[in-house]
There are 2 protein chains.
Amino acid sequence: MHKENLNDTRSSATKARLVNSTIESLIEIGFTKTTGVEVCRRAQLTRGALNHHFPDFSGLLVETLQSIYLQLLEIKLPLDVGLMEHILLEGHARIIRPEFKAVIELWLASKNDKQFGLRLVQAMELGSEMFSPQMVLEHKNQGVGSKEFEMIYRTISEALIGIGLGRAIGEGEPLAHESMVLHVLQGMAQTYDHQQLT
Amino acid sequence: MHKENLNDTRSSATKARLVNSTIESLIEIGFTKTTGVEVCRRAQLTRGALNHHFPDFSGLLVETLQSIYLQLLEIKLPLDVGLMEHILLEGHARIIRPEFKAVIELWLASKNDKQFGLRLVQAMELGSEMFSPQMVLEHKNQGVGSKEFEMIYRTISEALIGIGLGRAIGEGEPLAHESMVLHVLQGMAQTYDHQQLT
DNA sequence: GATAATACATACATCTATGTATGTATTCAA
DNA sequence: TTGAATACATACATAGATGTATGTATTATC
């Protein structure tokens, strides 16, 4: 991780270009057409470079998913509402990003491709909390109310993923009923948050 | 649609074999590896047959998705609970089927493949209600309470899709928190159903 | 019963991705 | 400064999928 020399600097820059091209390709044309050739074309590199940095293609996919997770988790909203409502709004801000389509593509790919699936579970928890990792951990094993927290949290998460999938396969724009669902979820979150105040 | 002659009977039987092989392939190895060759291998037919019945591969995909929809919509539960709760339980019974993974694969594919996407919207509404088509239509434009109905219905739908995706990319078994989410949704549904009684 | 259409199978050419080996310039380490 | 390692590019062989043309047996039509 010491980027003291030129080689390491150049190397990680090239890997980043490959990863970013993969994300771009997944978003634009999907996993099926995201081949080694296609990624190299977008990165303006040759397959020699790809093979040098990622001897196994699934390695590239793993790093790509990790990169997207980091990007999405960087999206943060001010904590000016209750905790659960905050998780909801922040999660929504994440799943509406085009990168979330790439996440779904990779989730499915990891199921269909044994190699990739195996390397993925080794590298990261696939179920790692996309919406609020640290919050969940904090609330777990906290005793009273932790169960209630997780129930609401999980429900919001699943609904957000559903909405994200809808966006991914739609025009990227919100489906007509998205605001309805958000409204219901917001009501749930606010109710929970108010309960916690007492 | 008149199956009076032998040709039509044989023809539709062969098409059904191709469609079923496609479903099987989508579930087992995903869209990426579901090629014309693969489908024919599973159906024990040659590409000549495939090309004869489906000159355009996207035609096969459209019929495949339609076939799965019909299969899933055939899954029905007795109406021994409130309407909304019934919709929830029936929807859940559908998204836990392995065929739902094939649905997601095809949804994504229709987004990534222009040809397929175009033919799909011509043939069916992609957003066609997977969970309770007629119910939604009945409640639409019904005035009082219809908005409330759709809000809850849409929220349940999105959460179910999220759960279905989780199953599709997991081991097909329920994720640990699935029962939690179901419990919350069931509470929402029951509350709504009780309100409607008054 | 002869002819045409249908329901497939077979065959070949092409295209694209991949595996892999090797070449070359740059950088590092002594 | 010189050898070795790194960071790529180039090249070729192979494999698998598709496009398409043609062959053949069965069925439908007259």
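None of the values given here were measured: they were computed from a predicted structure.

## What to know about helix α10 (residues 178–197) of chain B
Moving on, step 1. With 20 residues, α10 of chain B should reach 28 Å at 1.5 Å per residue; the first-to-last C-alpha distance of 29 Å fits that figure.
Moving on, step 2. Buried residues of α10 of chain B: Glu-178, Met-180, Val-181, Leu-182, Val-184, Leu-185, Met-188, Ala-189, Tyr-192 and Asp-193 of chain B, and no others.

## What about empty space enclosed by the protein?
Moving on, step 1. A full pass over the atoms with the stated rule returns one cavity of 30 Å³ or more.
Moving on, step 2. Estimates place the volume of the largest cavity at around 30 Å³.
Moving on, step 3. What lines the largest cavity is simply Glu-158 of chain A together with Ile-163, Arg-167, Leu-175, His-177 and Glu-178 of chain B.
Moving on, step 4. By residue class, the composition of the lining of the largest cavity is two nonpolar, one polar and three charged.

## Thoughts on the interface of chain B and chain A
Moving on, step 1. Contacts between the two partners involve 36 residues from chain B and, on the opposite side, 36 residues from chain A.
Moving on, step 2. The contact between chain B and chain A buries some 3,400 Å² in all, and 68% of this surface belongs to carbon and sulfur atoms.
Moving on, step 3. Those elements that provide at least two residues to the side of chain B that touches chain A are α1 (6–33), α6 (99–112), α9 (146–169) and α10 of chain B.
Moving on, step 4. In terms of residue count, α9 of chain B provides more of the side of chain B that touches chain A than any other element does, 13 residues in total.
Moving on, step 5. Considering only residue class, the side of chain B that touches chain A consists of 18 nonpolar, eight polar and ten charged.

## Section: the protein's contact with DNA strand D
Moving on, step 1. Around DNA strand D sit 19 residues, and of these Thr-14, Thr-46 and His-53 of chain A together with Leu-6 and Arg-47 of chain B come closest.
Moving on, step 2. Of all DNA strand D atoms lying within 4 Å of any protein atom, the proportion belonging to sugar or phosphate reaches 66%.
Moving on, step 3. Here a phosphate oxygen of DNA strand D and a side-chain polar atom of Arg-10 of chain A are 3.1 Å apart.
Moving on, step 4. Those elements giving two or more residues to the surface near DNA strand D turn out to be α1 (6–33) and α3 (47–53) of chain A together with α1, α2 (36–43) and α3 (47–53) of chain B.
Moving on, step 5. Take the surface near DNA strand D: its biggest share by element is five residues, from α3 of chain A.
Moving on, step 6. When grouped by side-chain class, the residues that make up the surface near DNA strand D number four nonpolar, twelve polar and three charged.

## Thoughts on helix α9 (residues 146–169) of chain A
Moving on, step 1. The terminal C-alpha atoms of α9 of chain A lie 35 Å apart, and with 24 residues this matches the ideal 34 Å at 1.5 Å per residue to within 8%.
Moving on, step 2. Extensive coverage of α9 of chain A is indicated by the burial of 22 of its 24 residues.

## Here's the deal with the packing of aromatic side chains
Each aromatic ring pair is described using two quantities: the centre-to-centre distance and the angle formed by the ring planes.
Moving on, step 1. Following the criterion strictly, the structure yields six aromatic pairs over all chains and no others.
Moving on, step 2. Ring centres of Phe-100 of chain B and Trp-107 of chain B lie 6.0 Å apart, and the angle between their planes is 85°; this geometry places the pair in the edge-to-face category. Here Phe-100 of chain B matches Trp-107 of chain B in class, with each residue buried.
Moving on, step 3. Both rings, one in Phe-149 of chain B and one in Tyr-153 of chain B, keep their centres 6.1 Å apart while their planes meet at 5°; by these two values the pair is stacked. Here Phe-149 of chain B and its partner Tyr-153 of chain B are both found in helix α9, four residues apart, which amounts to about one turn of the helix.
Moving on, step 4. Among the aromatic residues, those joined into a ring-pair cluster are Phe-149, Tyr-153 and Tyr-192 of chain A.

## A closer look at the UniProt feature "DNA-binding region" (unreviewed entry) in chain A
Moving on, step 1. UniProt's feature table lists "DNA-binding region" (unreviewed entry) at residues 35–54 of chain A, given in the numbering used throughout.
Moving on, step 2. As a span, residues 35–54 of chain A carries 75% helix and 0% strand, and end to end its C-alpha atoms are 13 Å apart.

Parameters at a glance
- Residues numbered from 1 in each chain as written.
- Chains lettered and ligands numbered in written order.
- Predicted model: local features only at pLDDT ≥ 70, side-chain atom pairs only at ≥ 80, totals over all residues.
- Heavy atoms only, no water.
- Helix = DSSP H or I, 4+ residues; strand = E, 2+ residues; numbered from the N terminus.
- Expected span 1.5 Å × (residues − 1).
- Buried < 20%, exposed > 50% of the residue type's maximum accessible area, 1.4 Å probe, protein only.
- 1 Å grid on protein atoms, 1.4 Å probe; cavity = no way out; pocket = protein on both sides within 12 Å on 5 of 7 lines; lining within 4 Å.
- Points joined across faces, edges and corners; volume = space filled by probe spheres on them.
- Nonpolar A, V, L, I, M, F, W, Y, C, P; charged D, E, K, R; others polar.
- Contact = heavy atoms within 4.5 Å.
- Buried area = accessible area lost by both parts, 1.4 Å probe.
- Near = heavy atom within 4 Å.
- Polar contact = N/O pair within 3.5 Å; in protein donor to acceptor, adjacent residues only side chain to side chain.
- Phe/Tyr/Trp six-rings, centres within 6.5 Å; stacked < 30°, edge-to-face > 60°.
- UniProt positions renumbered as here; feature names shortened; annotations may be inferred.

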